[in-house]
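Chain residues, written in single-letter form:
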Amino acid sequence: MSMIKCCFEPLEMPEFLDSFVKKCTEGCCCGCCSALRPRYKRLVDNIFPANPEDGLVKSNMEKLTFYSLRSPEKLDRIGEYLYQRASKDIYRKRYKFVEIAMEAMDLLLKACHAQILNLFVESFLRMVQKLLEDTNPTLQIMATNSFVRFANIEEDTPSYHRRYDFFISKFSSMCYGNNDDVELRDSIRMAGINGLQGVIRKTVSDDLVANIWEKQHMEKIVPSLLFNMQSGPSKTTDTEATPSTPPLLAEAVIRELVSRASFGHIKSVLKPLLSHMDHHKLWVPNKFAIDTFRIVMISIQPQYSYTVVETLMSHLDQNLTSSPKTRTSLAVVLSKIIAIAAGESVGPSALDIINNLLMHLKTSVSTQHESTPEETQYQEALINALGEFANHHPDYQKIEIMLFIMNTVPDPSNKSRGDQLLQNILLKSLLKVGTQYRTVSFEKAFPVSFLQPLLKMARAASIPIRIIVMQIFQQLLDRHQNQHLLNVISVSNYSTLTIETPSRSDILFTHKYGSNILQAIIESMSQENHLELLKSSYNTVALVIVEMACGETVQEFLLFVLGVQQVAVTEVELSPKHRCNLHSIAISLLILLGRCTAIGTLVEYAEKLIQARKEEATYLLPPLMDNDKSAPSTLNTNLPHLLIDKLAVAECLQQAGLEVNRIQTGTPYALNQTDISAHRHSWVDTHSAVRNSVVDSSYNDIESISSSPGVQKRSLASEYNFESMKRVLAEPTEASKREAREKQMQIGRTFRETAFEDLVRRTEPKHDVIQNKLNEIFNALSAERQISATCGVQAGSLLAGNGLNGPLIDGTKHAGTGQRPIYENNFPELFFY
């Protein structure tokens, strides 16, 4: 009877009978008892063909899909049953049936709605895990592909109970596949990379899932991707939409990983990346490191890019004891990527990065016992990084960066080897930033807080430091790209020189600070006969002339030229070759000044001097003479008719219709002047210049008779009189001139450096003299006022007597009052100063 009942089509059974029927059907040997099995099991069994080679039975699969959609509560059971069948087939190595079961899983997963997906996912993930645990590569690849399809499905319901630890570990291990078959190896590796990408997509978007940014996960994912990126070229020139090789796919995944990282998770990616570079020694050579960090910088969210720079510099801190090559490679990587972060770094973050780079430079200098090529390369790499970082900032920030660097340079008075080396390195950094700056206004390019310490460094004892300072000036002064032309000291015309009329602000800057710049340069040139230093100083002055010379500033530059010549003539400590070089520089600057200002008379005078020197003393013309080269046996630099004459130059300006007061009354530049903290043209200097102008003019008048070719000479008859002969006889000697100059400098230094109270104390005896003189002046004025008042009274009485009405003169009001006039009061001491 039971056998007959078994052959009928059964109805759906309650849940409590399911287990009983399962036992009955399992014990049935005829097969007809399968009718008692649940419908979902029969539908699952029907999708498997008798011959596994025939593949999935599509019609029965459609019935199973329709049933699962009508009865979504059965999805978890369908998935569990498919998992059980696949497990048995895996154990029996019937891999075709396993593939059919996995395909059915995929189709059901695709057909499921997002609201009911959770009922099926657990069985699906167990199925995928079962296939991944098998050693068959085909099953592993198939399971990975299924997982990737699942990862691309968006779920509406959170799933906080899921764990992906196994999948991360398994996919990471697949990335290191080393099968002998290259094609199969690449397939396994790509499957592993795809699996990691699926895990990333599934976990990053779901906040309730286990945190994939944790250290134990990132230490598996990031090295696996980097390992595959090492084995092939980067994707910098590849345009494939779908990567076809493990290196390209790994690069795409790491781009996605970095782009999804928030501010708090960036370092979770960077730390295993840096550890991988260290463990596998990928810093030397550093091509792979540069490519990798470029990928990171391009992929990261722009507002977080400076975090990469900070992390890399922190890693550089940890490798200070490493080899110089490693540190150099790290610094080169930093210089390659720092420009990308510069655009997003403003304010404190920018200065913080600059400060860190400077600290690394200082550390390198302080720990450097001897100059080695490796350490020098490391320092140059840091300087390049600094320059690249500054290059991508606006000009106003570049000025702030240069000022920040200048404030870290040790004082030039420190002459120890370590301080000089640090000065050299920091000034090179400043020069690197200066090359990226484009000057528009000199007032903005040279603020006082930056110009003052720069001029101090121009007077440093070290020649390389002074050369670097000159190069910094050249970079900031050269607005029209003339610097490369003026590298050569020459009296010939610079045909391709670009000259533009200076603006009003540039003229004001020249009047205010030009003398300080020129004073520092003349002192730098006068210290040693170093050929490179002299050329660099000439280049700087020539750029100043080209950029700022005009009718209003020409006198200042002429005083500088005369000052260079005066140093060459009067300074006894200079060597003959040094004197000749200074004379060559002076004449070259004179003719350049005439051509830049288009003063024809000045150019004509300079050309006649040059012609005279060519005939009598070629050593007073360029090129310069080095100390190592031989020179003529006789170097007579004291030839008045071959020197630049002050009165002749003034007459050239006068003929051109320009002012000459500055030339006539001012003194040429001299050595041992003060710096920018006290302006060169103070009231002390002015009065001293006026006081000495009579002596200088008389002396120069006599000397100009024979030393001014091409300029009309004064009549000798008009000069031979008693007064002129008296002036000649009273002319001071060289010793008295030198003593007067020293006294003048001492007076100026006293009034600049002495405290105000000391000056008051020194000048106290003069108070009575001043007061007495004021009393005399006021008494005289009082007498005149009384006389005028008396006349006014008389005139008023006459008018009254004639019957005319008119106002009284104002002075009559005070005639008989007896009050003391206000101007007779003594001045308080406060108003004396």
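As the structure is a computational prediction, the values presented were derived from the model and not from experiment. (Residues numbered from 1 in each chain as written. Predicted model: local features only at pLDDT ≥ 70, side-chain atom pairs only at ≥ 80, totals over all residues. Heavy atoms only, no water.)

Re the overall build of the protein chain
Across its full length, the protein chain holds 36 helices and zero strands. Per-residue burial over the protein chain gives 48% buried out of 833 residues. Accessible surface computed for the protein chain: about 41,800 Å², of which carbon and sulfur atoms make up 53%. (Helix = DSSP H or I, 4+ residues; strand = E, 2+ residues; numbered from the N terminus. Buried < 20%, exposed > 50% of the residue type's maximum accessible area, 1.4 Å probe, protein only. Areas by Shrake-Rupley, 256 points an atom, 1.4 Å probe, with all protein chains shown as cover.)

Quick look at the nonpolar core
Among the nonpolar cores identified, the biggest contains 208 residues, and Leu82, Leu427, Phe446, Phe473, Phe560 and Ile644 are the most heavily contacted of them. Filtering out sequence-adjacent residues up to four positions away, Ile644 remains in contact with Val561, Leu562, Gln565, Ala586, Ile587, Leu590, Tyr605, Leu609, Arg613 and Val649. Residues Cys580, Ala612, Leu620 and Leu642 belong to the second largest nonpolar core, which totals eight residues. (Core = buried A, V, L, I, M, F, W, Y, C linked by side-chain atoms within 4.5 Å. Contact = heavy atoms within 4.5 Å.)

Concerning the packing of helix 8 (residues 137-151) against helix 9 (residues 165-174)
Closest axis-to-axis distance for the helix 8/helix 9 pair is 12 Å, and the angle between their directions is 125 degrees. The angle between helix 8 and helix 9 places the two elements in the oblique class. With respect to the hand of their crossing, helix 8 and helix 9 are arranged in left-handed fashion. Contacts from Gln140, Thr144 and Phe147 in helix 8 reach Phe167, Lys170, Phe171 and Met174 in helix 9. Looking at side-chain class alone, the contact of helix 8 with helix 9 contains four nonpolar, two polar and one charged residues. (Axes fitted to C-alpha atoms, helices over the stretch in contact; angles between N-to-C directions. Parallel < 35°, antiparallel > 145°, perpendicular 65-115°, else oblique. Left-handed = near helix turned anticlockwise from the far one by under 90°. Nonpolar A, V, L, I, M, F, W, Y, C, P; charged D, E, K, R; others polar.)

Considerations on the side chain of Lys170
With respect to the helices, strands and loops of the structure, Lys170 is situated in helix 9. Within the buried core, Lys170 has no salt-bridge partner, and the shortest N-O distance to an opposite charge, that of Glu133, equals 8.7 Å. With near-sequence residues (within four places) excluded, Lys170 lies in contact with Leu132 and Gln140. (Lys, Arg positive; Asp, Glu negative; His and termini not counted. Salt bridge = Lys/Arg side-chain N within 4 Å of Asp/Glu carboxyl O.)

Let's talk about the packing of helix 23 (residues 463-477) against helix 25 (residues 531-548)
For any two helices packed against each other, the geometry is given by the interaxial angle and the distance between the axes. Direction vectors running N to C along helix 23 and helix 25 enclose 20 degrees, while the axes themselves pass 9 Å from each other. One way to sum up the angle between helix 23 and helix 25 is to call them roughly parallel. Once helix 23 is placed against helix 25, the crossing between them reads as left-handed. Facing Ile463, Arg466, Ile467, Met470, Gln471, Phe473, Gln474 and Leu477 of helix 23, the residues of helix 25 in contact are Glu532, Leu533, Ser536, Ser537, Asn539, Thr540, Leu543, Val544, Glu547 and Met548.

Examining the UniProt feature "repeat: Pumilio" (unreviewed entry) in the protein chain
The positions that UniProt labels "repeat: Pumilio" (unreviewed entry) are, in the present scheme, residues 498-535. A distance of 20 Å separates the end C-alpha atoms of residues 498-535, which is 71% helix and 0% strand. (UniProt positions renumbered as here; feature names shortened; annotations may be inferred.)

Structural notes on the environment of Arg466
Examined against the element boundaries, Arg466 turns out to sit in helix 23. Take Arg466: its relative accessible area is 0%, and that puts it in the buried class. Separated by 42 residues in sequence, Arg466 and Asn424 place their C-alpha atoms 9.4 Å apart. Setting aside chain neighbours within four positions, we find Arg466 in contact with Met457, Ala458, Arg459, Ala460, Ala461, Ser524, Gln527, Glu528 and Leu533.

Description of the packing of aromatic side chains
For any pair of aromatic rings, the description rests on two quantities: the centre-to-centre distance and the angle between the ring planes. Counted by the stated rule, this structure contains 17 aromatic pairs. For the pair Phe147 and Phe167, a centre-to-centre distance of 5.0 Å together with 20 degrees between the ring planes defines the contact as stacked. Note that Phe147 is positioned in helix 8 and Phe167 in helix 9, a separation of 20 residues in sequence. Like Phe167, Phe147 is buried. Relative to Phe293, the ring of Trp283 lies with its centre 6.2 Å away and its plane at 25 degrees, an arrangement referred to as stacked. Note that Trp283 is positioned in the loop between helix 13 (266-279) and helix 14 (287-299) and Phe293 in helix 14, a separation of ten residues in sequence. Phe293 carries the same exposure label as Trp283, and that label is buried. (Phe/Tyr/Trp six-rings, centres within 6.5 Å; stacked < 30°, edge-to-face > 60°.)

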